[in-house]
Each structure stands twice: as structure tokens, then as C-alpha cells.
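Here's the letter readout for the chains.
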Amino acid sequence: MTTAAALLRSVEPPEEEHVVSERRPELVERARQIAPKLAVRAAADPWARRVSAEAIAEIRAAELLTIGQPLANDGQELDWITYLEVMSELAKGCPSTAWLACVGNGHAWLVGHWPDACQEELYSDGPDAYVAGVLTDRGTAVPTDGGWRLSGFWPFGSGIDHADWAILGGHIDGPDGRSEDPSATGMFVVRADELSFRDDWHASGLRATGSSSVIVDDVFVPEHRFVPGAVLASGSTPGMDRNQGWAQRSALMPTLAFALTPVAVGAARAALTTFTDEIQHKVVSHVDVRQTDWALTHRQFAQADSLVDQGELLLRRTADQINSMAQDGVQMDLPMRARVRLDCAYGVRRCLEAVEMLYLATGGQGVRDTNRIGRVQSDLQAINMHAITALDPALEAYGRVLMGHPPRTPRI
């Protein structure tokens, strides 16, 4: 049986130095400059259900949508610490906008595993293609000459209204129905103009992401736009001849889980700043003390700040582990992958716990639609409810692995 202590020793970052992007300070500063504009837009319309095309254009112009995109596709292919810092800085302005930036970056990295023909087709009009998608196995593909006919319904299609392409999970039906062959399940790349979406994203958290459900009705997908899930998870994919940089060797599911987490850190840090601004002249009702002078507030704020630090430290360790193992050409084993999944879940949970504490400390003003801390709390609740960052499944999977059992969660 693997012990927790032994596993922790096994995942300590190596002593040798690894690649660090020289562009990190520049890109972080660009995100820092954009964030206040995003915050103004978000405050002007708290009920907005879409991120504006203008905001996406600003992020694209600042080269913040190609951080994870392979060099062969005219991306930057930078390290995951840089990604964490840039995306969390964006999230200080608007978590919904940062979420779409994370989705775009994560999927640009993912599509680097497809055959050359797919990548060349996807980026034929330039490097700025936005790739949305829903990776869960919800579609059905029927074999036909040269490919498949894909149909299905995929909820939670974040960024689909800004997309040029979408990656969609599905399975291939055999003559007798759904095949049990693992190679018959995987991900399909579809043009955005060949799908539709249902305007059903009415949400309390990440409200502006426009994460509507995606619908595909009997669309032809050529062979070069499909990769089996087992191949994607193998560490040896068709795209690796084209994209030979270390970033493409980053472990599949750990990387995709980590890709969504920076939003939580930035959103929580924005809430900390907002809280100190909001209480400057506030007298606590029925206590008759200035909130900035109240010992309880000092304890609450210290604990909230510490919780965000804990979350960020876990995510920084995760980024370092993904970086260093990919750069060294070392495959993550199952215990490591389960631990990374858990660290991602705990990272975003600590940020939620911090903001929940601040939210309760704001008093009655926190329930107003215009209160930023309340909105951030809802955003963090949504992040914590996402299937890939939910804490309970990650705890069960890691616990089972520690005790020598196979995980029930298939994608780790």
C-alpha cells in the first residue's frame, strides 16, 4: 500500500532548474493592465450572460490566448507557472472572462495532440482560432467513408459563442450498438459553424461565460479530426511529431484539470482587496465598532488571506510538478495523477472557503446583486462544482489509490 508520506516525498520538485519563460513578467503585466477594464464591464452589467467580443479581442491582442498553444501552431508554448500567474491576474478583473481564456488556452494545448492535418486545418486562417469544447463522452459517432457521422448533446459549452472550433467527446457505435473497445471512445474536432447551441446558460456563478449546451446533428467528422481517448492518455499521440517541445508531454488529465484552476486564485485575491475597500468606513450594526478596528475582522481577514495562500501554493506545486516531469520526459504514474487531481480540487476549495468567510463578514450589503464579493463567491462555487475540480470525487479517487484499489473515476 502506498503511504501518503511516501507519495509526497516522491513528488517533491527536483533540485535542478527547469525552463522558465522570460516573457512571464511582460505577460503578467499585460493581464494586470487589462483586468481593471474587465472589472468595469462586469460591474456595469452584473447580469450579463456573455463575455463581450471586445474583451476577447483585447485578451487576444495581448497574446494571452496562446500561452499553452504549441509553437508549431504559432503559439507561445510557455510553462505552467507563467500560465497560472497570467490567468489569475486576469481573473482579478472578471472571473468569467478569465475562465474563457483558460478554456481557450487549455484546448489550444490539447488540440496539439491531433494529427498534423487537423492542426493545419484548424489554424489555416492564422493562430488566433478559439477552440471551445466539452470533453465528456456524450456524443455518438457512426462510421462512414473517411470518418464518422457525429450527433449529440453536450451541456456546459463554455466559450462556444466565441468559438471557431470545438472539441467534443463521444463514442463510436459498432454494427451492434455501442462498442466496449476503449479505442472506440475519444474526442472529435468539429467546426463551430457545423454545430448549434441551446441558449440555456442561466446561472448564478460564472454567469457571463455563456456556457450554453452544444448540439451536433449528423455532422461528418473526417478521420484526421478524431483521437481515441486511450491514445490521448498514453503520452504518445499523433501530434507529438509536429509538436516536439516539452509542453506537449505534460500529462493529459492533470494538465486539463490544472488549466481551470487559476481563475479561483485571482477571483479570491480580488475579493480580499474588495473587502478591505468596503469596510474602510463601515460601522458594524448592533456592535457599534468600526469594522476595521474590530478584532474579529482581523482574525477573519487573516484566515481568509491564509486560505488563499494555501490554495495558490498547492496550485504552484502542481504547476511545477507538471512542468518538471514533462521537461524531464517522465510520465506521471497513477498515484501522482490522483494526487494532482486532488491538489487542484483542494486549491480551488481553499479559495472558496476564504471568500465564503469574507462574504459572511460583509453583512447585509453582501446580498446585493451589485456586491462584488457576493458575485465572486458564486463564481467560486461554480468552479468547485465543476466535475474535474469537485473535491469529493477527487478525495475518493486518491484514497482508493492510496489503499491499493483502482479509482472509480476513469479520467485521472
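Residues numbered from 1 in each chain as written. Predicted model: local features only at pLDDT ≥ 70, side-chain atom pairs only at ≥ 80, totals over all residues. Heavy atoms only, no water.

**Some points on the overall build of the protein chain**
Here is step 1 of the chain: Each helix and strand counted, the protein chain has 13 helices and 10 strands in total.
Here is step 2 of the chain: For 412 residues, the compact-globule formula gives about 22 Å, and the C-alpha radius of gyration of the protein chain, at 22 Å, lands near that figure.
Here is step 3 of the chain: Sequence separation of at least 24 residues holds for 77% of the intrachain contacts in the protein chain that already meet a minimum separation of 6.
Here is step 4 of the chain: Positive and negative charge centroids in the protein chain, built from 37 and 54 side chains respectively, lie 6 Å apart. (Helix = DSSP H or I, 4+ residues; strand = E, 2+ residues; numbered from the N terminus. Rg over C-alpha atoms; globule rule 2.2 N^0.38 Å. Contact = heavy atoms within 4.5 Å. Lys, Arg positive; Asp, Glu negative; His and termini not counted. Charge placed at Lys NZ, Arg CZ, Asp CG, Glu CD.)

**Here's the deal with the pattern of salt bridges**
Here is step 1 of the chain: Scanning all chains against the criterion turns up 25 salt bridges.
Here is step 2 of the chain: E63 serves as the salt-bridge partner of R30, at 2.8 Å between the closest nitrogen and oxygen. One end of the pair, R30, is in helix α2 (residues 24-44); the other, E63, is in the loop between α3 (53-61) and α4 (80-91), with 33 residues separating them in the sequence.
Here is step 3 of the chain: Look at R30 and you get partly exposed, because its relative accessible area is 24%.
Here is step 4 of the chain: Classification of E63 by relative accessible area gives partly exposed; the value is 32%.
Here is step 5 of the chain: E312 is the salt-bridge partner of R269, the closest N and O atoms lying 2.8 Å from each other. (Salt bridge = Lys/Arg side-chain N within 4 Å of Asp/Glu carboxyl O. Buried < 20%, exposed > 50% of the residue type's maximum accessible area, 1.4 Å probe, protein only.)

**What to know about the nonpolar core**
Here is step 1 of the chain: Counting residues in each nonpolar core, the largest one holds 115 residues, and the members touching the most others are L64, L90 and W114.
Here is step 2 of the chain: Per-element tally for this core: the top contributor is helix α11 (residues 334-361), with 11 residues.
Here is step 3 of the chain: The contacts of L90, once residues within four sequence positions are left out, are A31, I34, A35, L38, I59, L64, A98 and A101.
Here is step 4 of the chain: Residues A338, A394, Y398 and I412 belong to the second largest nonpolar core, which totals 10 residues. (Core = buried A, V, L, I, M, F, W, Y, C linked by side-chain atoms within 4.5 Å.)

**Section: the packing of helix α9 (residues 262-278) against α11**
Here is step 1 of the chain: At a minimum axis distance of 9 Å, the contact between α9 and α11 shows a crossing angle of 20 degrees. Considering the angle they form, α9 stands roughly parallel to α11. Where α9 crosses over α11, the handedness of that crossing is left-handed. Within the contact between the two elements, α9 uses A264, V265, A268, A271, L272 and F275 and α11 uses V348, C351, V355, L358 and A361.
Here is step 2 of the chain: The class makeup of the residues in the contact of α9 with α11 is 11 nonpolar, no polar and no charged. (Axes fitted to C-alpha atoms, helices over the stretch in contact; angles between N-to-C directions. Parallel < 35°, antiparallel > 145°, perpendicular 65-115°, else oblique. Left-handed = near helix turned anticlockwise from the far one by under 90°. Nonpolar A, V, L, I, M, F, W, Y, C, P; charged D, E, K, R; others polar.)

**What about empty space enclosed by the protein?**
Here is step 1 of the chain: In the structure shown here, the tally under the stated rule is two cavities of 30 Å³ or more.
Here is step 2 of the chain: Taken as a whole, the largest cavity holds about 60 Å³ of empty space.
Here is step 3 of the chain: Residue lining of the largest cavity: R60, L65, T66, Q69, G104, A108, P127, D128, A129, Y130 and V131, and that is the complete set.
Here is step 4 of the chain: Each residue belonging to the lining of the largest cavity can be placed in one class, and the counts come to six nonpolar, three polar and two charged.
Here is step 5 of the chain: Around the second largest cavity, the lining residues are R249, S250, A251, Q321, I322, M325, A326, V330, Q331 and M332.
Here is step 6 of the chain: Within the lining of the second largest cavity, the residues separate by chemical class into six nonpolar, three polar and one charged. (1 Å grid on protein atoms, 1.4 Å probe; cavity = no way out; pocket = protein on both sides within 12 Å on 5 of 7 lines; lining within 4 Å. Points joined across faces, edges and corners; volume = space filled by probe spheres on them.)

**Some remarks on unusual backbone geometry**
Glycine aside, negative phi is the norm for most residues, and most peptide bonds take the trans geometry.
Here is step 1 of the chain: Despite not being glycine, E63 shows a phi value in the positive range, around 65 degrees.
Here is step 2 of the chain: Even without glycine at this site, D74 takes up a positive phi of about 60 degrees.
Here is step 3 of the chain: By the secondary structure assignment, D74 is in the loop between α3 and α4.
Here is step 4 of the chain: Classification of D74 by relative accessible area gives exposed; the value is 55%.

**Quick look at the layout of surface pockets**
Here is step 1 of the chain: As a volume, the largest pocket reaches approximately 970 Å³.
Here is step 2 of the chain: The set of elements that each furnish at least two residues to the lining of the largest pocket consists of α5 (95-110), β1 (131-144), β2 (147-157), α8 (252-259) and α12 (372-385).
Here is step 3 of the chain: Here the lining of the largest pocket is composed, by residue class, of 19 nonpolar, 13 polar and three charged.
Here is step 4 of the chain: Roughly 540 Å³ of internal volume is contained in the second largest pocket.
Here is step 5 of the chain: If you trace the second largest pocket, you find 29 residues lining it, with G229, L232, A233, L252 and M253 closest to the centre.
Here is step 6 of the chain: Among the elements of the structure, β5 (185-191), α7 (229-234), α8 and α11 are those that each provide at least two residues to the lining of the second largest pocket.

**As for the side chain of N323**
Here is step 1 of the chain: The topology assignment puts N323 in helix α10 (residues 295-327).
Here is step 2 of the chain: Of note is the side chain of N323, whose polar atom sits 3.0 Å from the backbone nitrogen of W80.
Here is step 3 of the chain: Excluding its chain neighbours within four sequence positions, the residues that come into contact with N323 are D79, W80, I81 and W246. (Polar contact = N/O pair within 3.5 Å; in protein donor to acceptor, adjacent residues only side chain to side chain.)

**Overview of the environment of T297**
Here is step 1 of the chain: You can see T297 is positioned in helix α10.
Here is step 2 of the chain: For the pair formed by T297 and R60, sequence separation is 237 residues and the distance between their alpha carbons is 40 Å.

**Observations concerning the packing of aromatic side chains**
Here is step 1 of the chain: On inspection of all chains with the given rule, the structure shows nine aromatic pairs.
Here is step 2 of the chain: Here Y83 and F258 contribute two aromatic rings whose centre-to-centre distance is 6.1 Å and whose plane-to-plane angle is 50 degrees, an arrangement assigned as tilted. Remark: F258 occurs in helix α8 and Y83 occurs in helix α4; sequence separation between them is 175 residues.
Here is step 3 of the chain: With a relative accessible area of 0%, Y83 lands in the buried category.
Here is step 4 of the chain: The class for F258 is buried, based on a relative accessible area of 0%.
Here is step 5 of the chain: The structure contains a cluster of three or more aromatic residues connected by ring pairs, namely W80, Y83, W109 and F258.
Here is step 6 of the chain: One residue, R207, lies across the ring of W47, its end atom 4.0 Å from the ring centre. (Phe/Tyr/Trp six-rings, centres within 6.5 Å; stacked < 30°, edge-to-face > 60°. Lys NZ or Arg CZ within 6 Å of the ring centre and 35° of its normal.)

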